[in-house]
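A structural walkthrough
Here are the chains, one letter per residue:
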Amino acid sequence: MHKLAFLRIKETVVEGKGFKTLRFMFNRKVRPGQFVMVWIPGVDEIPMSLSYLGRIKGITIREVGESTKILGSLKVGDSMAIRGPFGRGFERLSGKTLLVCGGAGAAAVLPIAEEMDNRERVDIAIGARTKDELIFEERSKMYSDNVRTSTDDGSEGCEGTVVDLAKHMMKERKYDFLQACGPESMLSSLLKVGKEHGVSGQFSLERFMRCGVGICGSCVINGKRVCTDGPVFWGEELESMSDFGRSKRDESGQKIGL
Amino acid sequence: MASLRVNVAGLVMENPTILGSGIIGETGESLLSAYKAGAGAVVTKSIGLEARKGYSNPTLVELPFGYLNAMGLPNPGIESFGEEVLLAVRGGATVIGSVFASEAEVFAQLSSKMEAFGVSAVELNLSCPHASGYGMELGVDPGVVREIVLAVKKSVTIPVFVKLTPNTHRIIEIAQAVQAAGGDSIVAINTVKAMAISIEAGRPILSNIFGGLSGPAVKPIGVRCVYEMYDVVDIPIIGAGGIETWQDALEYIMAGAVAVQIGSGIGRRGLNIFKEVNFGLERYLKSRGIESLGELVGTAHA
Ligand SMILES: Cc1cc2nc3c(=O)[nH]c(=O)nc-3n(C[C@H](O)[C@H](O)[C@H](O)COP(=O)(O)OP(=O)(O)OC[C@H]3O[C@@H](n4cnc5c(N)ncnc54)[C@H](O)[C@@H]3O)c2cc1C
Ligand SMILES: Cc1cc2nc3c(=O)[nH]c(=O)nc-3n(C[C@H](O)[C@H](O)[C@H](O)COP(=O)(O)O)c2cc1C
Ligand code: FES
């Protein structure tokens, strides 16, 4: 059982345009890629990956709607209610690994680099629409000798998508694994590119969440519950899912395009 | 050979464990995953006429002995649900279609759609405790229950199961109304109306304020309801509420249930729960030299 925990915010950091990190004490064991449900009383309860897993945990929020804007406006000393952690996170793999982050996906991925703590074994590709939205570049450099960025508009790093960048990096160097989080269209092309280069990997998905504990069924993709069977899946599992990269369920359970 | 096979009003299942309504049952593939995990049959999410988004989050509170939920009957609407049923049925699952409505005619309409989709039985949700105008608001009035069951019985040829609420002192009258109207089986219980307040936030946690309590906390209530009804009706009863082990299932069976539904246990124990309960029941039968589970139904009654 995950008791609702009320936590006091110890630190807030603006990571980029529209991105904010909140840090707090949360004494539970968490795997990279696991998430919590954050309650905003009177508004909503929403899933958020834990972006820092040390003693002082963190979530990194991209402000997209009402709840994320309210979370983004919280200050040091304010309190926040969360339950979790939920789901199957990223595995601790031994081998040369390329971490690929698209937008807010960096929140779920960076803790892997921190856990590996091996500068030569991990390379990191971070992509965003534009320079101001790139997050965790400095943090990445603490854990890897090879950190590259891409922006859709070319305002920093390679011009193009983070998948283009990852493809380029896979040509330069042989990787054993990919670990990635970002928009699903990005993940599905990354999965293909990885296959072409003989690299398998783990990918973290998002679906509409209510319970977080695997009973309500609102987060399912092809019969798998993203909250408990995922959110992190192996590429081989995703290849057998006809909805991956194509469709999801809305709040009523109707199938809609991504 | 000890047999777990049961026959509920003509619906034959290889074992007595059924996936409860509203538990991962919104898509065909997830229904199938529960069936493949060992359930003898699976009940769909309760489906209405139109698509419904349900309530906003929080819709679930985790408690030490169960869950409190107020999902608000989210569902894609009967028309788009056909393909989900078809998928599960084609995959080999025995599917029971759960429906909800606010009037008898619509219950009948939804049930006949479900029959056309290929379900083996329908289950009428007369018991959801947190949706205004639906569920329990209808299911606490024996006259209304009778009217709904009569209308549905006229519209389908498959067995009609009626899911009842424990949130009433008239459970016996209501069970008798189901039987009198020709209902084929009673499912008891749905969740118990309840709420939780966060003392830190100083407000109710569920966005809907009220919800339904499920899990081990409600098992004694479920067992009591089944026991009371067994004395007054002849139609088979399916027990539900807090079943997590074979011992829990056996308790319901001794109280008078011919089969059981499992919901919250899937979150608390995992999808393997069906196999575990069935394995335990089978071993129990063997160790006692009992041939069929049916011999144990209602044995707790003096
Ligand atoms: C496992 C998981 C991990 C996530 N991690 C992060 C993270 O680390 N950082 C981050 O910024 N965002 C993360 N998200 C996305 C985040 O949950 C949504 O951006 C947030 O819910 C939007 O809420 P809102 O009220 O601001 O916007 P709204 O306007 O309410 O919604 C905008 C969009 O957010 C999504 N959304 C809303 N409610 C939910 C819900 N209950 N479950 C899933 N999606 C929802 C929908 O796609 C919706 O269209 C994660 C999502 C999931 C499923
Ligand atoms: C999240 C959740 C959603 C539910 N949705 C429905 C539903 O749509 N229709 C229904 O008849 N019962 C619904 N129920 C009730 C269950 O089917 C079951 O009767 C009840 O939870 C008691 O069993 P349990 O303790 O094994 O969960 C729901 C229960 C939960 C926990
Ligand atoms: S969020 Fe309820 S099953 Fe995943």
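Provided above is the structure to which this section pertains.
Here's what I pulled together on the structure shown here. Computed from a predicted structure; not experimentally measured. (Residues numbered from 1 in each chain as written. Chains lettered and ligands numbered in written order. Predicted model: local features only at pLDDT ≥ 70, side-chain atom pairs only at ≥ 80, totals over all residues. Heavy atoms only, no water.)

Brief notes about the site of ligand 2
Rules: What makes a residue near a molecule or strand is one non-hydrogen atom of that residue sitting within 4 Å of it. Any pair of N or O atoms that falls within 3.5 Å is considered a polar contact. Within protein, one atom must be able to donate a hydrogen and the other to accept it, and sequence-neighbouring residues count only if both atoms are side-chain atoms. Reported accessibility uses the Shrake-Rupley method at a 1.4 Å probe radius. Residues are deemed covered only where the shown protein chains occlude them. When residues are grouped by polarity, Ala, Val, Leu, Ile, Met, Phe, Trp, Tyr, Cys and Pro land in nonpolar, Asp, Glu, Lys and Arg in charged, and all others, Gly among them, in polar.
Of all residues adjacent to ligand 2, which total 22 residues, the nearest are Ser-21, Ser-46, Gly-215, Gly-242 and Ser-264 of chain B. The local environment of ligand 2 is shared, drawing residues from chains A and B. Lys-45 of chain B is positioned with one of its side-chain polar atoms (N or O) 3.0 Å from an oxygen atom of ligand 2. The separation between a nitrogen atom of ligand 2 and a polar side-chain atom of Ser-46 of chain B is 2.7 Å. Taking 610 Å² as the accessible area of ligand 2 by itself, protein coverage stands at 97%. Looking at the shell around ligand 2 residue by residue, the classes come out as 6 nonpolar, 14 polar and 2 charged.

Some words on the sheet that holds strand S6 (residues 66-69) of chain B
All names here are of chain B. The test is simple: Here, any two strands with at least 2 DSSP bridges between them count as paired. The way it works is that DSSP assigns letters per residue, a run of H or I at least four long becomes a helix, a run of E at least two long becomes a strand, and they are numbered from the N terminus. Axis definition: a line fit to C-alpha positions, over the contact stretch in the case of helices; interaxial angles, taken between N-to-C directions, run 0 to 180 degrees.
On the basis of which strands lie adjacent, the open sheet formed by 4 strands has the order S5-S6-S14-S11 and antiparallel pairing. Since the sheet does not close on itself, it has two edges, and those belong to strand S5 (60-63) and strand S11 (192-194), each with one partner. Strand after strand, the sheet turns through a mean of 30 degrees between neighbouring axes, direction not considered.

Observations regarding a nonpolar patch on the surface
Basically, it comes down to this: Any residue with relative accessible area above 30% and no salt bridge may belong to a patch, with like charges joined within 9 Å and the nonpolar Val, Leu, Ile, Met, Phe, Trp and Tyr side chains within 5 Å. Counted as salt bridges are all cases of a side-chain nitrogen of Lys or Arg within 4 Å of a carboxyl oxygen of Asp or Glu. The rule is simple: take the accessible area with a 1.4 Å probe, protein chains only, and divide by the maximum for that residue type; under 20% is buried, over 50% is exposed, in between is partly exposed.
Side chains of Met-195, Ile-197, Ile-209 and Phe-210 of chain B sit close together on the surface and give an oily, nonpolar patch of about 350 Å² of accessible area. On the basis of relative accessibility, which here comes to 53%, the residue Ile-197 of chain B falls in the exposed class.

Overview of the nonpolar core
For clarity, the threshold we go by: Only buried residues count toward a nonpolar core, which is a set of Ala, Val, Leu, Ile, Met, Phe, Trp, Tyr and Cys residues joined through side-chain atoms within 4.5 Å. How far each domain reaches was decided by an automatic or database domain assignment.
Among the nonpolar cores identified, the biggest contains 142 residues, and Leu-190 of chain A together with Met-114 and Leu-124 of chain B are the most heavily contacted of them. The element that contributes the greatest number of residues to this core is helix H3 (residues 104-117) of chain B, accounting for 7 residues. Mapping this core onto the domain boundaries places at least three of its residues in each of domain 1 (5-86) and domain 2 (97-257) of chain A. Judged by nonpolar contacts, the second largest core, of 23 residues, contains Ala-108, Met-116, Val-147 and Val-232 of chain A.

Topic: helix H2 (residues 78-90) of chain B
The α-helix winds at 3.6 residues per turn, so residues separated by three or four positions along the chain end up facing the same way. Just so we agree on the cut-off: Expected helix span is given by 1.5 Å per residue-to-residue step, counting one fewer step than there are residues. In this analysis, two residues are considered to be in contact whenever any of their non-hydrogen atoms come within 4.5 Å of each other.
Helix length check: H2 of chain B, at 13 residues, gives a terminal C-alpha distance of 18 Å against a target of 18 Å (1.5 Å per residue), a fit within 8%. Regarding H2 of chain B, the residues found buried are Ile-78, Phe-81, Gly-82, Glu-84, Val-85 and Ala-88 of chain B. Tucked into the core, H2 of chain B has its buried residues touching strand S16 (247-249) of chain A together with helix H1 (28-36), strand S7 (95-99) and H3 of chain B. Looking one or two residues beyond H2 of chain B, the residue adopting positive phi is Gly-92 of chain B, at roughly 105 degrees.

A word on the interface of chain A and chain B
The criterion, for reference: Buried area: the accessible area, evaluated with a 1.4 Å probe, that two parts lose upon being put together, summed over both parts.
On the side of chain B, 38 residues touch chain A, which itself brings 31 residues to the contact. A buried area of about 2,800 Å², summed over both sides, lies between chain A and chain B, and 57% of it is on carbon and sulfur atoms. Our count for the chain A to chain B interface comes out at 2 salt bridges. For the interface between chain A and chain B, the tally reads 10 residue pairs in polar contact (both at pLDDT 80 or more). Of all the secondary structure elements, the ones that give two or more residues to the side of chain A that touches chain B are strand S3 (35-40), strand S4 (44-52) and strand S6 (79-86) of chain A.

What to know about the side chain of Asn-69 of chain B
Residue and element names in this part refer to chain B. Within the secondary structure, Asn-69 sits in strand S6. A distance of 3.3 Å separates a polar atom in the side chain of Asn-69 from the backbone nitrogen of Met-71. When near neighbours in sequence (up to four residues on either side) are disregarded, Asn-69 contacts Thr-59, Leu-60, His-130, Thr-191, Leu-206, Gly-211 and Gly-212.

A short note on the packing of aromatic side chains
Threshold: The criterion for an aromatic pair is that two Phe, Tyr or Trp rings (for Trp, the six-membered ring) have centres within 6.5 Å, with stacked assigned to planes under 30 degrees apart, edge-to-face to planes over 60 apart and tilted to the rest. By definition, being over a ring means that NZ of Lys or CZ of Arg is both within 6 Å of the ring centre and within 35 degrees of the ring normal.
Counting across every chain of the model gives 6 aromatic pairs over all chains. On the basis of an interplanar angle of 85 degrees and a centroid distance of 6.3 Å, the ring pair of Phe-6 of chain A and Trp-39 of chain A is categorised as edge-to-face. Taken together, the positions of Phe-6 of chain A in strand S1 (residues 5-16) and Trp-39 of chain A in strand S3 put the pair 33 residues apart, joining distant regions of the chain. A relative accessible area of 3% places Trp-39 of chain A in the buried class. Summarising the aromatic geometry, the rings of Phe-100 of chain B and Tyr-134 of chain B are spaced 5.0 Å apart at their centres and angled 90 degrees between planes, so their arrangement reads as edge-to-face. Of this pair, Phe-100 of chain B sits in the loop between S7 and H3 while Tyr-134 of chain B sits in the loop between strand S8 (121-125) and helix H4 (136-139), and the two are 34 residues apart along the sequence. Owing to a relative accessible area of 3%, Phe-100 of chain B belongs among the buried residues under this scheme. The exposure class assigned to Tyr-134 of chain B is partly exposed, which follows from its relative accessible area of 21%. Note that Arg-139 of chain A overlies the ring of Tyr-52 of chain A, its terminal NZ or CZ placed 3.6 Å from the centroid. The aromatic ring of Phe-210 of chain B is capped on one face by Lys-193 of chain B, whose charged end is 4.8 Å from the ring centroid.

Take it as geometry only, folks, not as evidence of what the structure does.
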